[in-house]
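So the chains spell out like this:
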Amino acid sequence: MLVRLRHGLASDELGPLLALCRELGYSARFLDEGRRLLELSGRGDRTHRTRLEDHPHVVEVVDAGDSHELHGRGAGRPDTIVRVGGACFGGGQAAIAAGPCSVEDYDRLLRLARGVQECGVTILRGGAYKPRTSPYSFQGLGVVGLEMLAAVRAETGIAIVTEVLDPRDVERVAQVADWIQIGTRSATNYPLLVEVGRAGKPVLLKRGFGATVREFQLSAEYVLNTGNEQVVLCERGVRSYDSTTRNLLDIGAVAHLAEATHLPVIVDPSHAAGRADLVLRLARAGLAAGADGLIVEVHDEPANAKSDGQQAISLEQLRELTHDAQAVLALDSRALVPGAGPLKGSQLEREGTDSITRTEPIQ
Ligand code: PEP
Ligand code: MN
């Protein structure tokens, strides 16, 4: 581990810090004459990094060395593949979840489930519990919404991803969901992260809208630390000074996380854009940056949607999105699993056929 210390520490200040390092099992040596760069050798433990970060004499842990955290891509660690129904995220495989922002009524949910299935999408999104900025906005149908999701699942065989807001509802949501969503507003609700981790279902963890990448990784760590490794990270945009888009999609974070963690990373272009007309472009950008999939809001009557109608794409646009996703993924020999049908000629032409290698879905 490599640790940077505060400037001008006296010997009697350094002594106790060096003693702590020895106590943690490290041998320590300074790499510079100014005694600010401290190299610690020894068996790392993932609790040591934050222990040192919290120390008043430490500016930063420059390199965590062996004390890697659970999300980290240790040497030779293969990608974690998260399976949701028949869909796979990670290890060169990607998938798409699509559906309305909220569960509104049974007939619409069933219609949309069948519609997204026709586009090759095997995971239906839809919130029964809605985290709304205003308490006066539609809050979701709650238990009734969960029952609708369960009924649509039974009717169509589609897998379900839905959000849980309250640790007390985790068990109930886990009975219906194939994949449990933790929303941006809950990313630092640590008791919820732990409770969802313990439910033993795959977890969709969204990045807090004000969270640094490191804070996002540490939220994931709360889930992973329960022993649940089935975690998919989701970049959905962070708050910025510009209101052109609802949030600022952090493509750099997607590219970084694809390298830094063994966990799959997906992009939510809908909440990033806040506008239906930008969703397709952001979806393509996310996959091009290394995302292992997408979660997208779809509606058949956006003007009547109970939430987020302005960012909902149509089923026709979803079809285009799934075809484009295949083309972008094929650029680096990845594929949608399950696939979304053959690429259309027009899409192939638009993407450039030369560089496309068609890959069969990995079973
Ligand atoms: C949602 O998926 O509808 C949602 C509320 O997302 P987020 O938590 O990213 O805002
Ligand atoms: Mn929404």
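Our subject is the structure that appears above.
The notes below deal with the structure included here. Please read all numbers here as calculations on a predicted model, not as lab measurements.

Basis of the calculations
Residues numbered from 1 in each chain as written. Chains lettered and ligands numbered in written order. Predicted model: local features only at pLDDT ≥ 70, side-chain atom pairs only at ≥ 80, totals over all residues. Heavy atoms only, no water. Helix = DSSP H or I, 4+ residues; strand = E, 2+ residues; numbered from the N terminus. Contact = heavy atoms within 4.5 Å. Donors = N, O, S within 2.8 Å, 3.2 Å for Na, K, Ca; no water. Buried < 20%, exposed > 50% of the residue type's maximum accessible area, 1.4 Å probe, protein only. Core = buried A, V, L, I, M, F, W, Y, C linked by side-chain atoms within 4.5 Å. 1 Å grid on protein atoms, 1.4 Å probe; cavity = no way out; pocket = protein on both sides within 12 Å on 5 of 7 lines; lining within 4 Å. Points joined across faces, edges and corners; volume = space filled by probe spheres on them. Nonpolar A, V, L, I, M, F, W, Y, C, P; charged D, E, K, R; others polar. Near = heavy atom within 4 Å. Polar contact = N/O pair within 3.5 Å; in protein donor to acceptor, adjacent residues only side chain to side chain. Sits in = over half its atoms within 2 Å of the grid points. Salt bridge = Lys/Arg side-chain N within 4 Å of Asp/Glu carboxyl O. Pairing = 2+ DSSP bridges. Axes fitted to C-alpha atoms, helices over the stretch in contact; angles between N-to-C directions. Phe/Tyr/Trp six-rings, centres within 6.5 Å; stacked < 30°, edge-to-face > 60°. Lys NZ or Arg CZ within 6 Å of the ring centre and 35° of its normal.

## Points about the environment of His271
Now for step 1: Residue position: His271 is located in helix H9 (residues 269-273).
Now for step 2: Each residue touching His271, except ones within four places of it in the same chain, is listed here: Arg125, Lys206, Arg236, Arg246, Asn247, Glu297, Asp308 and Gln311.

## Section: the coordination of the manganese ion (ligand 2)
Now for step 1: Coordination of the manganese ion (ligand 2) by the protein is provided by Cys101 (SG), His271 (NE2), Glu297 (OE) and Asp308 (OD), with metal-donor distances spanning 2.1 to 2.4 Å.
Now for step 2: Written as a sequence motif, the donor arrangement for the manganese ion (ligand 2) is C-x169-H-x25-E-x10-D. In this pair, Cys101 is assigned in the loop between strand S7 (93-99) and helix H3 (106-118) and Glu297 in strand S14 (residues 293-297), connecting sequence segments 196 residues apart. The residues Cys101 and Glu297 share a single accessibility class, namely buried.

## Here we look at the nonpolar core
Now for step 1: Counting residues in each nonpolar core, the largest one holds 65 residues, and the members touching the most others are Leu124, Leu149, Leu233, Leu318 and Leu321.
Now for step 2: Excluding its chain neighbours within four sequence positions, the residues that come into contact with Leu124 are Ala98, Gly99, Pro100, Leu109, Ala113, Val116, Leu149, Val152, Ile158, Ala159, Ile160 and Val161.

## Quick word on empty space enclosed by the protein
Now for step 1: One pass over the structure, following the stated rule, counts 1 cavity of 30 Å³ or more.
Now for step 2: The volume enclosed by the largest cavity comes to roughly 70 Å³.
Now for step 3: Lining the largest cavity are 13 residues; nearest its centre among them are Ala95, Ile96, Gly120, Leu336 and Pro338.
Now for step 4: Ranked by residue count, the leading element in the lining of the largest cavity is S7, at 3 residues.
Now for step 5: Classifying every residue of the lining of the largest cavity gives 10 nonpolar, 3 polar and no charged.

## With respect to the site of ligand 1
Now for step 1: Of all residues adjacent to ligand 1, which total 13 residues, the nearest are Arg125, Lys130, Thr184, Lys206 and Arg236.
Now for step 2: Within the side chain of Gln181, one N or O atom sits 2.9 Å away from an oxygen atom of ligand 1.
Now for step 3: Between ligand 1 and Arg185 there is a distance of 3.2 Å, counted from an oxygen atom to a side-chain nitrogen or oxygen.
Now for step 4: Spatially, ligand 1 is embedded in the largest pocket.

## Section: the side chain of Thr156
Now for step 1: Structurally, the position occupied by Thr156 is in helix H4 (residues 143-156).
Now for step 2: Setting aside anything within four residues of it in sequence, one finds Thr156 in contact with Leu110, Ala113, Arg114 and Gln117.

## Here we look at the pattern of salt bridges
Now for step 1: Considering all chains together, one arrives at 25 salt bridges under this definition.
Now for step 2: Taking the shortest distance from any N to any O, the salt bridge between Asp277 and Arg275 comes out at 2.8 Å.
Now for step 3: For Arg275, a relative accessible area of 30% translates into the label partly exposed.
Now for step 4: When salt bridges that share partners are traced, they join Glu104, Asp105, Arg108, Arg111, Asp300 and Glu301 into one network.

## A word on the sheet that holds strand S4 (residues 58-63)
Now for step 1: Taken in spatial order, the 4 strands line up as S2-S3-S1-S4 in an open sheet, and their pairing is antiparallel. A strand with exactly one partner marks an edge of an open sheet, and here the two such strands are strand S2 (27-30) and S4. Across the sheet, the mean angle separating the axes of adjacent strands is 25 degrees when strand polarity is ignored.
Now for step 2: Bridge count for strand S1 (residues 2-5) against S4 is 4 bridges, and the pairing is antiparallel.

## Overview of the packing of aromatic side chains
For any pair of aromatic rings, the description consists of the separation of the ring centres together with the inter-plane angle of the planes.
Now for step 1: Counted by the stated rule, this structure contains 2 aromatic pairs.
Now for step 2: On the numbers, 4.3 Å between centres and 20 degrees between planes, the contact of Tyr190 with Tyr222 is stacked. Residue Tyr190 is found in helix H6 (residues 190-198), and its partner Tyr222 is found in helix H7 (residues 213-224); the two are separated by 32 residues along the sequence.
Now for step 3: The class of Tyr190 is partly exposed, set by a relative accessible area of 34%.
Now for step 4: Of note, Arg35 hangs over the ring of Phe30, and the distance from its end group to the ring centre comes to 5.8 Å.
Now for step 5: Looking at Lys306, its charged tip hangs above the ring of Phe138, at a distance of 5.4 Å from the centre.

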